[in-house]
Amino acid sequence: MEKQIADYDRQIAESVVDTSDLQDELSRTRIEISTIENNAKMKLNGEKQKIREALLERQNKVGQLKGNVSFIEMAMKQNTATMDSLKSEIDDLRGKVAEIKTKEFDADAWQFDEPTTICSLCGQRLHDDRIAELKESFEQKKAEAEQDFNVKKNAEIKRLVDRGREATEEYHKAKDNDESKAAELEKLSNELCQADKEAEDLQRQLEAMPGDVDLSDNAEYTALIDKANDLEKQITEARFSTKDTTEIQEKKDCAKNQLELTLAEIGKAQMNNDFDERISDLNAQKKQLEQEKADCENYEW
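These numbers were taken from a predicted model, which means no experiment stands behind them.

Student: Which parts of the structure should I look at to understand the overall build of the protein chain?
Tutor: Helix and strand counts for the protein chain come out as five helices and zero strands. Its helices and strands taken in sequence order, the protein chain reads α-α-α-α-α from the N to the C terminus. Put simply, 89% of the contacts in the protein chain that link residues at least 6 apart link residues at least 24 apart. Here the protein chain displays about 22,800 Å² of accessible surface, and carbon together with sulfur accounts for 50% of that area.

Student: Hey, could you run me through the packing of aromatic side chains in this one?
Tutor: Note on aromatic pairs: each is described by the distance of the centres and the angle between the planes. Inspection of the entire model under this criterion finds three aromatic pairs. On the numbers, 6.0 Å between centres and 45° between planes, the contact of Trp110 with Phe138 is tilted. In this pair, Trp110 is assigned in the loop between helix H2 (20–102) and helix H3 (128–208) and Phe138 in helix H3, connecting sequence segments 28 residues apart. A residue is classified by how much of its surface remains accessible, and Trp110, at 28% relative accessible area, is partly exposed. In textbook terms, an aromatic cluster arises when at least three aromatic residues are bridged by ring pairs, as seen for Phe105, Trp110, Phe138 and Phe149.

Student: Which parts of the structure should I look at to understand the pattern of salt bridges?
Tutor: Close approach of charged atoms allows side chains with opposite charge to pair. Going through the model one piece at a time under the given rule, you end up with 19 salt bridges. With a shortest N-O distance of 2.8 Å, Lys158 and Asp162 are connected by a salt bridge. Highlighted residues: Lys158 and Asp162, both in helix H3, separated by four residues, approximately one helical turn. What makes Asp162 partly exposed here is its relative accessible area of 28%.

Student: Teacher, can you tell me more about the nonpolar core here?
Tutor: What tends to happen in soluble globular proteins is that the nonpolar side chains get buried as a cluster. Listed in full, the ten residues of the largest apolar core are Leu26, Ile33, Ile36, Ala40, Leu215, Tyr221, Leu224, Ala228, Leu231 and Ile235. Looking at this core, the elements with two or more residues in it are H2 and helix H4 (219–240). The leading source of residues in this core is H4, at five residues. Setting aside residues no more than four positions away along its own chain, Ile36 makes contact with Leu215, Asn218, Glu220, Tyr221 and Leu224. Listed in part, the nine residues of the second largest apolar core include Leu65, Val69, Ile72 and Met76.

Student: Please explain the side chain of Asp178 as it appears in this structure.
Tutor: For Asp178, the position within the fold is in helix H3. One buried charged side chain, Asp178, makes no salt bridge at all; its nearest oppositely charged neighbour is Lys175, positioned 8.8 Å away. Setting aside residues up to four positions removed in sequence, Asp178 forms contacts with Met76, Asn79, Thr80 and Met83.

Student: Help me understand the packing of H2 against H3 in this model?
Tutor: Two measures define how a pair of helices packs: the angle their axes make with one another and the distance between the axes. Viewed as axis vectors pointing N to C, H2 and H3 meet at an angle of 160°, and their least axial separation amounts to 6 Å. By the angle between their directions, the pair H2 and H3 is classed as roughly antiparallel. With respect to the hand of their crossing, H2 and H3 are arranged in left-handed fashion. Its residues placed into classes, the contact of H2 with H3 shows 28 nonpolar, ten polar and 21 charged.

Student: Teacher, can you tell me more about the side chain of Thr29 here?
Tutor: Among the structural elements, Thr29 can be located in helix H2. Residues in contact with Thr29, not counting those within four places in the same chain, are Leu224, Lys227, Ala228 and Leu231.

Student: Sorry, what's going on with the environment of Gln124 here?
Tutor: Its place among the elements puts Gln124 in the loop between H2 and H3. Assessed through its relative accessible area of 51%, Gln124 is described here as exposed.

Definitions and cut-offs
- Residues numbered from 1 in each chain as written.
- Predicted model: local features only at pLDDT ≥ 70, side-chain atom pairs only at ≥ 80, totals over all residues.
- Heavy atoms only, no water.
- Helix = DSSP H or I, 4+ residues; strand = E, 2+ residues; numbered from the N terminus.
- Contact = heavy atoms within 4.5 Å.
- Areas by Shrake-Rupley, 256 points an atom, 1.4 Å probe, with all protein chains shown as cover.
- Phe/Tyr/Trp six-rings, centres within 6.5 Å; stacked < 30°, edge-to-face > 60°.
- Buried < 20%, exposed > 50% of the residue type's maximum accessible area, 1.4 Å probe, protein only.
- Salt bridge = Lys/Arg side-chain N within 4 Å of Asp/Glu carboxyl O.
- Core = buried A, V, L, I, M, F, W, Y, C linked by side-chain atoms within 4.5 Å.
- Lys, Arg positive; Asp, Glu negative; His and termini not counted.
- Axes fitted to C-alpha atoms, helices over the stretch in contact; angles between N-to-C directions.
- Parallel < 35°, antiparallel > 145°, perpendicular 65-115°, else oblique.
- Left-handed = near helix turned anticlockwise from the far one by under 90°.
- Nonpolar A, V, L, I, M, F, W, Y, C, P; charged D, E, K, R; others polar.

In structure tokens:
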């Protein structure tokens, strides 16, 4: 029966087509395919990352340039307001200087007071010498007043002119600063335009990058794909060509069950035979012990 079971195993083995070599080759091929795909993905991701980093750098530069442009525009706006204020002040100073220059000492306001030549006590006209002294004193005061007027007038003109010169100098400095800022603004605006264009170009490049790798032009990859497909086809065909071993397997299982039952019966019989032999041995030992006991009882001391 064991020989029959071994024969069934041989029939089952012969009916199954061994595809282990094909499976191993397919596994190696798939690993090669995966390696090429991973390398291509790493390359694509590396290119994308390089573009992203360049794009981020350009975007940061654009933001920085916009901040600088805004700062300069604000400074120019403030500078323009300063220039307008200085120009207005200079025009006002010129007008004041011109106005002050037209002013003259008001001699008409200084007229000798004739009633002072009459004595307030007696009502008589003062002596000519006294009147001459009064007139001389009056003329001296008038001259002093005119001199003081001219001194103050000239001082005010000088103050206004000095301030006008300072304001003019400040205006020219502001104008030079405005021209410098305008040149700097033009330069920054050009840089901003260029950086913005570069950022847009990089963004378009990034958007044009494929979402996944395309290996259709890779001869090695396509050859491996074809090889894997062919191996899978061979394995599938081999599996379909395998004979149905169900009936043989059932016969084998039946023979195995029968063998197990037979072995169990043999084991049971062997066990019964062992019991019989053991009982026989015990009976013999019993007889021997009974004989020895009888001998001991009949022994004379």
